[in-house]
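# Commentary on secondary and tertiary structure
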Amino acid sequence: MTHPPQVPILTLTLNPALDMATDVARMVPGEKLRCTDPLLDPGGGGLNVSRAIKALGGDSLALVALGGLTGDRLAGLIRAEDITFLAIHGPGETRQSLTVTEGETGRQYRFLLPGPTWAEEDRARVFTLLRATSRPGGFAVISGSQPPGVPRDFPAQLAGSMPDVQVVLDTSGAALVQAVEHPIPGLAVLRMDGEEAEGLAGRSLRTRGQTADFAQDLVRRGVAGRVIVARGADGNVLVDAGLRLFAAAPKVAVKSAVGAGDSFVAAFVLSLARGEAADRALAFGSAAAAAAVVTDATQLCRPEDVQRLLPQAEVTEV
């Protein structure tokens, strides 16, 4: 299948993980729980975005911080998926994460380790590589958790090292609060989920209109050129200076919510990189997010599922 040309996409993952997923019959405290053979996947926000872009027929360059024996094993998994990547020498041992699905109930339990602490010299290596690899006019996705030891404004510092690049930020916690309270100059896209949006707004955002109002206020304040809020099973809201759009979430049977947000970002950015309009990109992202939740454990969206679900991701004005 021939895909349209695209501008360069760079993804950055400073706190990747060796993702392990397994099943148990029942979660019982204090007992030895016999698990199924684990599935191993390379994990971390930006890395997952690059994996999903590859699955959807696009190209990206993934910058990934790797350290220790776990980092070596993670690098092997990345190579096995034919992802173009450059390793950043990271401190300590790359972290691991564990997803356990309880067979009797279908409930998922996710255990995320914090990762090694970064020092100033570790951060300096990132800026050097970003300046060498980012391309004016292209996209750069800063996604996932920030490693311990970096300042709250580290995403702003990262964006500042990539002039004339369209930066997409999908983060959480203190880094998200910092980006809202102290806007990053020129930030192209800021994405968050509904719970995060309500926390920042200090109120419930029960309707799509209320979510769009909140996102519009962020755009007006210069937080980002476009703000996206994921409303879970309802769908996704996108607001920019001239648009207030909503894309419905296709109705699917959820197997695992892992990777839905990363699949959304991958499809959304890939669509924009191919020169498609915001409404098309929003629909593509919503279909990819729905496609991700029908796969097992830490697997991401499959292109055939995305195309099947795309007609259901209807875009309307809010």
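Everything discussed here concerns the structure shown above.
None of these values were measured; they are calculated from a predicted model.

### Concerning the overall build of the protein chain
- Broken down by element type, the protein chain carries 10 helices and 14 strands.
- Rg of the C-alpha trace for the protein chain: 19 Å, near the compact-globule value of 20 Å for 318 residues, within the 12% margin.
- For the C-alpha atoms alone, the extent of the protein chain along its principal axes is close to 55 × 45 × 45 Å.
- Counting across all 318 residues of the protein chain, residues that qualify as buried make up 53%.
- Considering only contacts in the protein chain between residues 6 or more positions apart, those separated by 24 or more positions represent 68%.
- Surface exposure of the protein chain reaches about 14000 Å², of which carbon and sulfur atoms provide 52%.
- For the protein chain, the separation between the mean place of its 30 positive charges and that of its 35 negative charges on side chains is 1 Å.

### Focus: empty space enclosed by the protein
- With the rule as written, the count across this model stands at three cavities of 30 Å³ or more.
- Roughly 80 Å³ of internal volume is contained in the largest cavity.
- Around the largest cavity, the lining comprises 15 residues; the ones closest to its centre are Leu14, Pro16, Ala65, Thr94 and Pro116.
- Class assignment of the residues belonging to the lining of the largest cavity gives a composition of eight nonpolar, five polar and two charged.
- When its volume is computed, the second largest cavity comes out at roughly 40 Å³.
- Looking at the second largest cavity, the residues that line it are Leu12, Thr13, Leu14, Ile142, Ser143, Gly144, Ser145, Gln146 and Leu158.
- Contributing elements (two or more residues each) for the lining of the second largest cavity: strand S1 (9-13) and strand S8 (139-143).
- Looking at the lining of the second largest cavity, its residues break down into four nonpolar, five polar and no charged.

What counts, and where the lines are drawn
- Residues numbered from 1 in each chain as written.
- Predicted model: local features only at pLDDT ≥ 70, side-chain atom pairs only at ≥ 80, totals over all residues.
- Heavy atoms only, no water.
- Helix = DSSP H or I, 4+ residues; strand = E, 2+ residues; numbered from the N terminus.
- Rg over C-alpha atoms; globule rule 2.2 N^0.38 Å.
- Buried < 20%, exposed > 50% of the residue type's maximum accessible area, 1.4 Å probe, protein only.
- Contact = heavy atoms within 4.5 Å.
- Areas by Shrake-Rupley, 256 points an atom, 1.4 Å probe, with all protein chains shown as cover.
- Lys, Arg positive; Asp, Glu negative; His and termini not counted.
- Charge placed at Lys NZ, Arg CZ, Asp CG, Glu CD.
- 1 Å grid on protein atoms, 1.4 Å probe; cavity = no way out; pocket = protein on both sides within 12 Å on 5 of 7 lines; lining within 4 Å.
- Points joined across faces, edges and corners; volume = space filled by probe spheres on them.
- Nonpolar A, V, L, I, M, F, W, Y, C, P; charged D, E, K, R; others polar.

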